[in-house]
Each structure stands twice: as structure tokens, then as C-alpha cells.
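Here's the letter readout for the chains.
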Amino acid sequence: MVDLGRALRSAGLEVVMWAGRETERDSIRAAGIELAPGELFAAATGEGAELEGLTGVLLLTGEDDFNALAATRLAGSVEGTVHRLRPPPESQGVITPYAGGEVLFGPDLTGPELARRPARGARVVTQRFVGTLPAGHRMLFLVRGDGRLLPVTRAGGPAPRPGDLALLLSA
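Please read all numbers here as calculations on a predicted model, not as lab measurements.

Participant: How should I be thinking about the side chain of Thr 153 in this particular structure?
Facilitator: Within the fold, Thr 153 resides in the loop between β8 (149-151) and β9 (165-170). Sequence-distant contacts of Thr 153, defined by excluding residues within four places in its chain, comprise His 83, Glu 102, Val 103, Leu 104 and Phe 105.

Pasting the structure below:
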């Protein structure tokens, strides 16, 4: 998901990433993306916690139950929305099926599927929308001219307008 962080940053958005594993933290640092302090999640989910200045949270870990639990705990403590990856249909997670948080992307773009795609050459790329999206690409997000990030969710995607910056997953 570091590719996505880079793409969001190149779109002019402020990006702060958090990861539990040191190898993931090393990848974030190597990409030049701001790394959130390790205790951020604990502080963010404490009683009465409010995260000022956060206009949205994307929970993109490979752990579906973590994403679901974090979405539930963070709801109401950020200024914007909390989104999480879709678990695979056969998921038997303890929390996942019952948790809140808006689910990202279409039914086939689950967390495990997104984790597999880079090994097959997929990348997150940005492109100004000029009427059509390139063949073989899936829209993940749009960034409007005013800097608003609009995700594709299980309910559907935002309608692109000329000049929008599309964040796409290449084939």
C-alpha cells in the first residue's frame, strides 16, 4: 500500500502512514512518506480521543479484523470518514462481518487480492481525467480540484469530471 501512499502524496494530499511491522515501517520511510508514531493507534482509540486535522482514515492492513476493529474504534474521532478494505467473501473473521466503516472498492478488490496484485505487476498510478479511463485500469479514488479525496466504495464510485485526478490500479 506504499504505492497508494505515494500516489496520494503526488496528488497533493498530506499522507501519514502507520504500520505495525518493522519491515513495513522501513518501506514507508524509504518511500519518503511521513511515518506515524507507533503509539498513534493506542492514543487515537483511547476514551474521548479526537484526532484533530485528520480528514480521513484508510485502513489498508492485511488483517481484516484489525481493519474492522480500528474502523469501529476510530469512527467519530476524526473529522472525516473512516474506510477499510473489504475482507474476502469466505472470511470467517471474528469482527469483520459486523463492523462499521465504509468498505472500499468493488467486491473483487479485497485486502488479499490487493496484496497479490503488485507481484503480478500492478501499480497505483495517477492520471488526469479527460473523458475516459485507460483500458485495464480500475479507479480507486478521485481527487477533486479542491483536494477532496473521493473513494470508490461498495456502493459505487464517484463520477469523474474533467480535471479530476484519478488514482488507478493498473492491470
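Participant: Can you walk me through helix α1 (residues 2-10) in this structure?
Facilitator: Each α-helix turn comprises 3.6 residues. Residues three or four places apart therefore point the same way. Every buried residue of α1 is listed here: Val 2, Leu 4, Gly 5, Ala 7 and Leu 8. Positive backbone phi, at 95 degrees, marks Gly 12, one or two positions downstream of α1.

Participant: Explain unusual backbone geometry here, please?
Facilitator: Trans is the common state for peptide bonds, and a negative phi is the common state for residues other than glycine. Unusually for a residue other than glycine, Phe 105 sits at a positive phi of about 70 degrees. Checked against the element boundaries, Phe 105 lands in the loop between β5 (102-103) and α5 (111-116). Looking at Phe 105, the relative accessible area reads 2%, which means it is buried.

Participant: Explanation requested: the sheet that holds strand β3 (residues 56-59) in the structure shown.
Facilitator: Two strands in a sheet stick together by hydrogen bonds in their backbones, pointing the same way (parallel) or opposite ways (antiparallel). Here three strands make up an open sheet; going across it, the order is β3-β4-β5 and the pairing parallel. The outermost strands of the open sheet, each flanked by one partner alone, are β3 and β5. Looking at chain direction, strand β4 (residues 81-84) and β5 are connected through two bridges and run parallel. Within the sheet, the bridge partner assigned to Arg 84 lies in β5 and is Val 103.

Participant: Even after reading the chapter, I still don't get the pattern of salt bridges, so can you show me in this structure?
Facilitator: Any two side chains of opposite charge can pair if their charged atoms end up close together. Counted by the stated rule, this structure contains 11 salt bridges. The salt bridge partner of Asp 3 is Arg 6, with a shortest N-O separation of 2.9 Å. Residue Asp 3 and its partner Arg 6 are located together in helix α1, separated by three residues, close to a single helical turn. Under the relative-accessibility criterion, Arg 6 is labelled partly exposed at 38%. Put simply, Glu 113 and Arg 116 hold a salt bridge, and the shortest N to O gap is 3.1 Å. Of this pair, Glu 113 and Arg 116 both sit in helix α5, separated by three residues, roughly a single helical turn. Using a relative accessible area of 44% as the deciding quantity, one classes Arg 116 as partly exposed. Salt bridges sharing partners connect three or more residues here, namely Glu 22, Arg 25, Asp 26 and Arg 29.

So, how was this worked out
Residues numbered from 1 in each chain as written. Predicted model: local features only at pLDDT ≥ 70, side-chain atom pairs only at ≥ 80, totals over all residues. Heavy atoms only, no water. Helix = DSSP H or I, 4+ residues; strand = E, 2+ residues; numbered from the N terminus. Contact = heavy atoms within 4.5 Å. Buried < 20%, exposed > 50% of the residue type's maximum accessible area, 1.4 Å probe, protein only. Pairing = 2+ DSSP bridges. Salt bridge = Lys/Arg side-chain N within 4 Å of Asp/Glu carboxyl O.

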